[in-house]
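Listed below are the residues making up each chain.
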Amino acid sequence: MITLGLDVGFASLGWALFVGDRLDMLGVIVTEAQGGETSSEGLMRRSRAIAYDLRAILRADRPVMVVMESVSWPRSGSVIGKIGAAYGAVSAAIGCEQPCAGVLHLSPQAVRKGLGLGKGADKDAILTAVREAPGCERLDELLAGVRTKALRRHPTDACAVVLAARALRQADAAALCG
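This is a predicted model, so every value here is computed, not measured.

What counts as what
Residues numbered from 1 in each chain as written. Predicted model: local features only at pLDDT ≥ 70, side-chain atom pairs only at ≥ 80, totals over all residues. Heavy atoms only, no water. Disulfide = S-S within 2.5 Å. Pairing = 2+ DSSP bridges. Helix = DSSP H or I, 4+ residues; strand = E, 2+ residues; numbered from the N terminus. Axes fitted to C-alpha atoms, helices over the stretch in contact; angles between N-to-C directions. 1 Å grid on protein atoms, 1.4 Å probe; cavity = no way out; pocket = protein on both sides within 12 Å on 5 of 7 lines; lining within 4 Å. Points joined across faces, edges and corners; volume = space filled by probe spheres on them. Nonpolar A, V, L, I, M, F, W, Y, C, P; charged D, E, K, R; others polar. Core = buried A, V, L, I, M, F, W, Y, C linked by side-chain atoms within 4.5 Å. Buried < 20%, exposed > 50% of the residue type's maximum accessible area, 1.4 Å probe, protein only. Contact = heavy atoms within 4.5 Å. pLDDT = per-residue confidence, 0-100.

I'm lost on the state of the cysteines in this one. Help?
Any covalent bond linking the sulfur atoms of two cysteines counts as a disulfide. As enumerated under the stated definition, the model contains zero disulfides in all. Considering cysteine sulfurs only, Cys100 is the nearest to Cys96, which forms no disulfide, with 13 Å between them. Among the cysteines around Cys159, which has no disulfide bond, Cys136 carries the closest sulfur, lying 5.3 Å off.

Set out below in structure tokens:
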């Protein structure tokens, strides 16, 4: 089974592709503001860039499941608009390229729980949990291809949602059988 994990953001969207239980590829889609364009023009251009790049990944790899963190709405109106645009672009890309793929949203708390971490776990704890997870032996090798340390957290978070979904699915199955 091919599973695509996403860490949805407007400036950068992290993705991680798992084939079976193994991390196969990861990356980040980066969109940047350009001088001279209105906020509406930038919102449209950047949303289309997210959808275009994500459609290429979906078309090439055909995941049967897409897992992402559920949206957390910030207090800033402009940030809400950007997050909404990013989720809209992701939804459109999935709908165009993989309309039958299952889509699972996990809360940030569910991701931490699925990784065996406490509610207050920070990004470093998540990175360590992903690094130590079976099937993620290539994480550091793959992250080396991401251009900056700041951007590396996004594909790591995309790995985390897939690992958490898998762990929570196994826990649910064990509870049903127990």
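I tried to follow the sheet that holds strand 2 (residues 12-19) on my own but got confused; where do I start?
Within a sheet, neighbouring strands are paired by backbone hydrogen bonds and run either parallel or antiparallel to one another. Strand order in this open sheet of five strands is 3-2-1-4-5, and the pairing throughout is mixed. Each edge of the open sheet carries a strand with a single partner, namely strand 3 (22-30) and strand 5 (102-106). Averaged over all adjacent pairs, the angle separating strand axes in this sheet is 20 degrees, with direction ignored. Bridge count for strand 4 (residues 65-69) against strand 5 is five bridges, and the pairing is parallel. Paired with Met68 across the two strands is His105, which belongs to strand 5.

Quick question: what am I supposed to make of the layout of surface pockets here?
By rolling a water-sized probe across the atoms, one finds the places where empty space is left. Space inside the largest pocket adds up to approximately 310 Å³. Forming the walls of the largest pocket are 17 residues, and the residues nearest its centre are Asp7, Val8, Gly9, Glu69 and Ile83. The set of elements that each furnish at least two residues to the lining of the largest pocket consists of helix 2 (77-97) and helix 6 (149-177). Top element by residues in the lining of the largest pocket is helix 6. It accounts for three residues. In terms of residue class, the lining of the largest pocket is made up of seven nonpolar, five polar and five charged.

Explanation requested: the nonpolar core in the structure shown.
Side chains of a nonpolar character, in soluble globular proteins, are inclined to be buried together. Among the nonpolar cores identified, the biggest contains 28 residues, and Phe18, Leu23, Leu26, Leu106, Val130 and Cys159 are the most heavily contacted of them. For this core, the secondary-structure elements that each account for two or more residues are strand 2, strand 3, helix 3 (108-114), helix 4 (123-132), helix 5 (139-143) and helix 6. Residue contributions to this core peak at 10 residues, all from helix 6. Once you skip the residues sitting within four places of it in the chain, Leu26 turns out to touch Trp15, Ala16, Leu139, Leu142, Leu143, Val146, Pro155 and Cys159. Formed by 24 residues, the second largest nonpolar core is a distinct cluster that contains Trp15, Ile57, Ala93 and Ala101.

When you look at the environment of Val19 in this model, what are you seeing that I'm missing?
Looking at where Val19 falls in the secondary structure, it is placed in strand 2. C-alpha of Val19 to C-alpha of Met1: the two residues are 18 residues apart in sequence and 5.9 Å apart in space.

Honestly, the pairing of strand 2 in this entry has me stumped. Any pointers?
Every regular strand shows the same layout, with side chains that alternate between the two sheet faces. The element strand 2 is extensively covered by neighbouring structure, given that seven of its eight residues are classed as buried. The sheet contact formed by strand 1 (residues 2-7) and strand 2 spans six bridges and is antiparallel. Residue pairing in the sheet places Gly5 in a bridge with Ala16 of strand 2. Between strand 1 and strand 2, which pair antiparallel and follow one another directly, the connecting turn spans four residues. Counted between consecutive antiparallel strands, the loop separating strand 2 from strand 3 contains two residues, among which Gly20 sits at a positive phi close to 65 degrees.

Would you take a moment to explain the confidence of the model for the chain for this structure?
Fine structural detail should not be taken from predicted coordinates in areas where pLDDT scores are low. Summing up the model confidence of the chain, the mean pLDDT is 90 and the portion of residues at 70 or higher is 96%. For the chain, per-element mean pLDDT is lowest for helix 6, which scores 83, and highest for strand 1, which scores 96.

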